[in-house]
Amino acid sequence: MTSLLGTALLALALSGPTLAFLHIGGESSHTSITGLALLQKVTDTCRAVAKAAGHEFKPTGSSPEELVQACLGPTAAGEVSGAKFHSALQQIYTQNGLVDRNFVNSAPHHFNSEAFLEGRGLIMEGMAAIKANIHEKNFQAARETLGRILHTLQDFYAHSNWVELGYTDPYINLIRPDHQLENLADVATATCNDCASGSCPNPILSSILKEKKLTSGYMGIFSSFKPQGKCSHGGAADLTSAEIPRGGISKDERRADNVAFHNAAVTLATAASLQLLEDIRSAAGDKDFLRMMGIAHSSVVCFVIDTTGSMSDDIDEARAVVYELIDSKKGTQDEPSEYILVPFNDPDFGPMIRTTDPDEMKREISKLKAKGGGDVPEMCLSGLQLALTGAPSSSHIYVFTDAIAKDINLKNTIIALIRTTKSTVSFFMTASGARRRRSLRAASFNDYKDLALASGGQAIQVSKKQLPQATDVILDTSTSALVTVLQRARSPRKQETFSFVVDESLKNITIYITGKSITFTLTNPAGVSQSQNGASGELGTVQTVGNLWRIRLNAAKQTGTWKINIDSKEPYTLKITGQSTITFIYDFVESFKGPHPGYAVLSGRPQAGQPATLMLSVMGRKGPSSLTIGDVGLVTVSSPETVSKSTTTDMGNGDILVTVDAVPEGEFVVILSGTDKLSNSEFQRQSTTQMSVSKVNIQAVVDNSMEPGKAFTLPFSVMTQGSGGKYSIGANNDRNFEMSYPNSLTLTPEQYANATLTITPPANTPSGTDVTLTMEAKSSNGLDSNYAVLRLSVVTKITDFVPPSCEVVSVLAADCPKNVSKCGPFQWELWANLTDGNGTGIETISLRLGNGNLTYTSLSAPIIQANYTASCCSQIVELVAVDKVGNVGKCYHSIEQIPDSVPPSCEVVGVQAADCPQDVSKCGPFQWGLWANLTDGNGTGIETVSLRQGNGKLTYTSLSAPIIQANYTASCCSQIVELVAVDKAGNVGKCYHSIERSAGPPVLTLSLPLWLCLLVSAFITKF
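For every chain, the first residue of the written sequence is number 1, and numbering continues from 1 onward in sequence order. Two thresholds apply to this predicted model, a pLDDT of at least 70 for residue-level local features and 80 or more for giving and counting side-chain atom pairs, whereas whole-chain, interface and lining totals are computed over all residues. Side-chain metrics in this entry use all non-hydrogen atoms of the structure; hydrogen atoms and water are not considered.

**Overview of the state of the cysteines**
At step 1: A pair of sulfur atoms, both from cysteines and within 2.5 Å, is called a disulfide here. Applying the stated rule across the entire model yields 9 disulfides.
At step 2: Two residues share a disulfide in this structure: C192 and C231, whose sulfurs sit 1.9 Å from each other. Negative torsions about the S-S bond denote left-handed disulfides, and the value of about 95° found for C192 with C231 makes this one right-handed. With C192 in the loop between α7 (139-159) and α8 (206-211) and C231 in the loop between α8 and α9 (259-284), this pair connects stretches of sequence that are 39 residues apart.
At step 3: Think of it in three bands: with a 1.4 Å probe and only protein chains considered, a residue is buried below 20% of the maximum accessible area for its type, exposed above 50%, and partly exposed in between. What makes C192 buried here is its relative accessible area of 9%.
At step 4: The partner cysteine of C923 in its disulfide is C973, sulfur to sulfur 1.8 Å. Its S-S torsion of about 100° marks the bond between C923 and C973 as right-handed, since a negative value means left-handed. Under the scheme used here, helices are H or I runs from DSSP no shorter than 4 residues and strands are E runs no shorter than 2 residues, and both carry numbers assigned from the N terminus.

**Concerning the side chain of R143**
At step 1: Along the chain, the position of R143 falls in helix α7.
At step 2: Positive residues here are Lys and Arg, negative ones are Asp and Glu, while His and the chain termini are left out of the count. Take a side-chain nitrogen of Lys or Arg and a carboxyl oxygen of Asp or Glu: if they are within 4 Å of each other, that pair is a salt bridge. Salt bridges are absent for the buried R143, whose nearest opposite-charge side chain, E144, sits at 7.4 Å.

**Focus on the sheet that holds strand β30 (residues 753-760)**
At step 1: Strands are treated as partners if at least two bridges between them are detected by DSSP. One open sheet holds the 4 strands; their spatial order is β25-β26-β30-β28, and the pairing between them is antiparallel. Of all strands in the sheet, those bounded by a partner on one side alone are β25 (696-700) and β28 (738-740). Put simply, the sheet's adjacent strands are angled 25° from each other on average, direction ignored.
At step 2: By the bridge criterion, 7 bridges tie strand β26 (residues 712-720) to β30 in an arrangement that is antiparallel. Within the sheet, the bridge partner assigned to F712 lies in β30 and is I759. Every angle, taken between N-to-C directions, lies between 0 and 180 degrees, and every axis is a line fitted to C-alpha atoms, over only the stretch in contact when it is a helix.

**Digging into the side chain of D770**
At step 1: Position of D770 relative to the elements: it lies in strand β31 (residues 769-779).
At step 2: Among the residues examined, D770 registers a relative accessible area of 4% and is labelled buried.
At step 3: Distance and chemistry together define a polar contact, namely a pair of N or O atoms within 3.5 Å, with one atom able to donate a hydrogen and the other to accept it when in protein, and with adjacent residues in sequence counting only for side-chain atoms on both sides. One polar contact links D770 to N138, side chain to side chain, over a distance of 3.4 Å.
At step 4: Any two residues whose heavy atoms approach within 4.5 Å at even a single point are treated as in contact. When neighbours within four sequence positions are excluded, D770 is seen to be in contact with N133, N138, A141, D734, R735, R791, L792 and S793.

**Quick look at the pattern of salt bridges**
At step 1: Applying the stated criterion across every chain yields a total of 39 salt bridges.
At step 2: Of the charged contacts, one joins K137 and D288 as a salt bridge, the two residues approaching to 2.5 Å between their closest N and O atoms. Pair noted here: K137 is in the loop between α6 (116-135) and α7 and D288 is in helix α10 (residues 286-292), with a separation of 151 residues, a long-range link.
At step 3: In this structure K137 comes out as partly exposed when scored by relative accessible area, which is 28%.
At step 4: When the shortest N-O distance is used, the salt bridge between R319 and D316 registers 2.8 Å. Of this pair, R319 and D316 are both found in helix α11 (residues 312-329), 3 residues apart, which corresponds to roughly one turn of the helix.
At step 5: Using a relative accessible area of 17% as the deciding quantity, one classes R319 as buried.
At step 6: Given a relative accessible area of 37%, D316 falls into the partly exposed group.

**Points about the packing of helix α2 (residues 30-53) against α9**
When two helices pack together, their arrangement is captured by the angle between the axes and the distance separating the axes.
At step 1: Closest axis-to-axis distance for the α2/α9 pair is 9 Å, and the angle between their directions is 40°. Of the possible angle classes, the one that applies to α2 and α9 is oblique. Note that α2 runs across α9; the crossing there is right-handed. Where α2 approaches α9, its residues I33, L36, A37, L38, Q40, K41, D44, T45 and A48 are matched on the opposing element by V266, A269, T270, S273, L274, L277, E278 and R281.
At step 2: Taken together, the residues of the contact of α2 with α9 break down into 9 nonpolar, 4 polar and 4 charged. Reported orientations rely on four angle classes, namely roughly parallel under 35 degrees, roughly antiparallel over 145, roughly perpendicular from 65 to 115, and oblique for the rest. A crossing counts as left-handed when the near helix is turned anticlockwise from the far one by less than a right angle, and as right-handed when that turn is clockwise. Throughout, the ten residues Ala, Val, Leu, Ile, Met, Phe, Trp, Tyr, Cys and Pro are labelled nonpolar, Asp, Glu, Lys and Arg are labelled charged, and all others, Gly among them, are labelled polar.

**Quick word on the nonpolar core**
At step 1: Nonpolar cores are built from buried Ala, Val, Leu, Ile, Met, Phe, Trp, Tyr and Cys residues. Side-chain atoms within 4.5 Å join them into one set. Residues L146, Y157 and L276 are the most contacted members of the largest nonpolar core, which totals 55 residues.
At step 2: Of all elements in the fold, only α2, α3 (64-72), α4 (83-102), α6, α7, α9 and α10 reach the threshold of two or more residues within this core.
At step 3: Residue contributions to this core peak at 9 residues, all from α9.
At step 4: Listed in part, the 53 residues of the second largest apolar core include A387, A452, V658 and F668.

**A look at the packing of α6 against α7**
At step 1: Between α6 and α7, the shortest axis-to-axis distance is 9 Å and the interhelical angle comes to 155°. The pairing of α6 with α7 is recorded here as roughly antiparallel in orientation. Here α6 and α7 pass one another in a crossing that is left-handed. Mapping the contact onto sequence places F116, G119, L122, I123, G126, M127, A129, I130, N133 and I134 in α6 and F139, A141, A142, T145, L146, I149, T152, L153 and F156 in α7.

**Observations regarding α3**
At step 1: Judged by how many residues are buried, α3 sits mostly within the fold: 8 of 9 residues are covered.
At step 2: Listed in full, the buried residues belonging to α3 are P64, E65, E66, L67, V68, A70, C71 and L72.
At step 3: Following α3 by one or two positions, G73 has its phi on the positive side, about 125°.

**Let's talk about the packing of aromatic side chains**
At step 1: Classification of ring pairs uses Phe, Tyr and Trp, with its six-membered ring standing for Trp, and accepts pairs whose centres are within 6.5 Å; under 30 degrees between planes counts as stacked, over 60 as edge-to-face, and the remaining range as tilted. The tally for this structure, following the rule as stated, stands at 20 aromatic pairs.
At step 2: Ring geometry for F156 versus Y157: centroids 4.9 Å apart, planes at 85°, classification edge-to-face.
At step 3: In this structure Y157 comes out as buried when scored by relative accessible area, which is 0%.
At step 4: With 5.9 Å between their ring centres and 55° between their planes, F156 and W162 make a pair best called tilted.

**Description of α6**
At step 1: Every helix has an expected span of 1.5 Å times one less than the residues it contains. With 20 residues, α6 ought to run about 28 Å at 1.5 Å a step, and its terminal C-alpha atoms sit 29 Å apart, in line with that.
At step 2: Taking burial as the measure, the 20 residues of α6 include 14 buried ones, the bulk of the element.
At step 3: Trailing α6 by a residue or two, K137 shows a phi angle of about 65°, which is positive.

**Concerning empty space enclosed by the protein**
At step 1: Cavities and pockets are found on a 1 Å grid laid over the protein atoms alone: a cavity is a set of points where a 1.4 Å probe fits but cannot escape, a pocket is an open set with protein on both sides within 12 Å along at least five of seven lines, and a lining residue has an atom within 4 Å of such a point. Grid points are joined across faces, edges and corners, and a volume is the space filled by probe spheres set on the points. Following the criterion strictly, the structure yields 5 cavities of 30 Å³ or more and no others.
At step 2: Reported here for the second largest cavity is a volume of approximately 240 Å³.
At step 3: For the second largest cavity, the lining is made up of 18 residues, of which T145, R148, D703, N704 and S705 are closest to its centre.
At step 4: Contributing elements (two or more residues each) for the lining of the second largest cavity: α6, α7 and β32 (785-794).
At step 5: It is α7 that contributes the most residues to the lining of the second largest cavity, 6 residues altogether.
At step 6: Of the residues assigned to the lining of the second largest cavity, the class counts are 6 nonpolar, 7 polar and 5 charged.

**What about the confidence of the model for the chain?**
At step 1: Each residue carries a pLDDT score, the predictor's confidence in it, ranging from 0 to 100. Residues of the chain with pLDDT of at least 70 account for 92%, and the chain-wide mean is 87.
At step 2: Ranking the helices and strands of the chain by mean pLDDT puts β28 first, with 97, and helix α1 (residues 8-13) last, with 30.
At step 3: For residues 433-441, every residue scores under 50 in pLDDT, and the model assigns this stretch 23 contacts once sequence neighbours within four places are set aside.

This is the structure we're talking about:
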């Protein structure tokens, strides 16, 4: 499907990849449909979380930053960045769009060619993987799978005849494996009329429409074959559409002949996406669903710590920093959303410990003890690999060690992971000199400096006694909305002046210089200067320890262009950071063609010898509309500064397509400048992760998940635009799963060589485990290489497709007043039985709706008894039961009083008027009686009973009785009675009866309508 514009909610955060997979020629895209559904579900979830936390969910505007701020809590102090939310959306959109490139000819991925069972199978397998990944906190793997299956689900409504059949609700069976797909047209059943023009409004055969047979169009990119009489997908790329029956039923694009069907398909695809997201949200819970979407306080804090014998002091300092970090940031937007701890030694490393509980993190880091060691090299890079693959993208990782890396062979893998995750790695190195150094080729502390520089981190060398003074860097960078203004590295021994722009939004601006024999002078826009001498000055405070200089600018900073002049005889690095919600995210992309052309995110380095293309998204304090974008370029970091200018295309919603014709040689980063409209001040931002180009290209596609104990085969292809010959192939995974692959491939320039890699997860691998696979191809001379980083999921084959059952067995709410304003002192209760039958068993029971107290018996019992008690003011409850494979069952109950609009009923049950004479003039001595039953059913209750007509006597039983018995007695001279009953909501019910005698029908002088009214009134006793 191809592009839905102009939705206010969509403008909220549909930036970055909004147009990355724009399908040429239409108005509704997979991206827009996915974005609309995601944003609505995120908004619903945020509103529920806010309500449960006792505060209102009131975004102050439509920007992602304002949505995230409202979701995380309006009272928490600190800046809130929408970057992680943007990045999460981008990962989903990216994988959604890649289905059109990677699986363009796969019928199940698009519900083409009547591949309904296979398409539903992809969705089911994907949903199981997503739920298992979330259960194991592998949120990126969950996002990537989510993007792919949403594409397939949405294509059902564009490529099948569901809309033409007249259905207005999504086909729930597609996401409910316990339901069968029904009434599928078989391969021998003709489904379409011939459409010579190719643009018929509805070519589906009338018999198919009448019998409600489900079909979809056949799609042939390489072949025109289709079974006789079958519908085609349609379009220029579909070769089958020229075969009779010609034309097609695709609703991908809005055309003059299919406007209504296209719009209906978009609506249903959006609704179906919401259903799938709601199922995942129910299985994951609100907190983890939002974490999957990148909505969480601050960044993840990750420590990788050497635990060998000489590291006792370092461990103590790391522990102290963690305690200070937790205690100082609690209750603010800077409070970390997750803590990760990876110990390493030799030969052991790990396990990785992950927790959202700060007290648990304190306990875990307190358990670390220094032991063993004696040899200098340790398994530092293996521990770092675990951290890079386990932490979310753009995390800050802090490595504590006093030894070089034994596993230096992982250096290229680490660089590939840094480039892929865009995480920042800082090293705290405290070499004591007491440990024996084993000969290890090419390993030194410079390796850590290389990795820190590649990631935009710091390589800090201090003594063990100095370490406590250096760890302020961790407190600085463990914060929300951290941005980099400038970063450079220099090796030549010369003096150089660096300029940088400070804008009004920047707070907590800090300058870091690492190196020896440093002298510097800092100058503000007004010309005021401060040197390295002295701990404090007019511009800021200066701290130095080991090879680190840390300058924190005073809060009353001046906006405009600042300068720092640095002179050193040794290599040094410069980094300037601050806090601001003005930032950007980016990806290097490549265009692809086909039925739905677009842009795909590169897994490795951009190709050399051709322009580099980026998809860049900007975020401002009030969204992208509050910014004016100036220059975007690529700039070298380590060599004399070279800036490559670019041409930009504004794609809308803050998205910019950037093309750089002349890519700098060596390592480079992205630099962005512009103007903040809110303060009318110029700003400058820079990416942290260094990148370079390559003539080598690796292509590999993950189609499905792995099963424990079974070999998984991954095809891959390698090509070079440089010199041919033998290229070495390397592969590494962060789980140490057994792998086999060719050690080398012989490449012919500009031709792909194909091969396969086999990876086997052990039989005891937990379902939901994700595996990060890094592949590398390197030329024989080692001068050129490239990589691909893939995430694979291990998912146990699902056999339990039936959701838990939940049955409300009793409700006690009689004490709740009908007037809700008087509900305060009263409570109500509900009892329910929950069971998973012969399934995997119920794992969690929780409240989706309701503010009461939920208790239940043991989850291991065959039938779980749940009790819910709540104030009568909280009148709705929904229980959610999730089994061990993520199937969701629900109970809903409401004690809300439905507005009473039904009048009381009044039924005459007896009349005694036999004594009344026919001659009314003789009526005096005689009486007659009438009995009636009055009730308000399930309404508010009858409040009054009275006479509207009649001069007799009316009596009745208690008004609080379910049925009120009324008795009326009157003189035979008063021959008409009308009872009126009014309930507590004001509804009026009546009884009318007459004992008037008539000798026949009214004379013809009466009009016919009046005659009919009188005739009917003689028999009506209930109104």
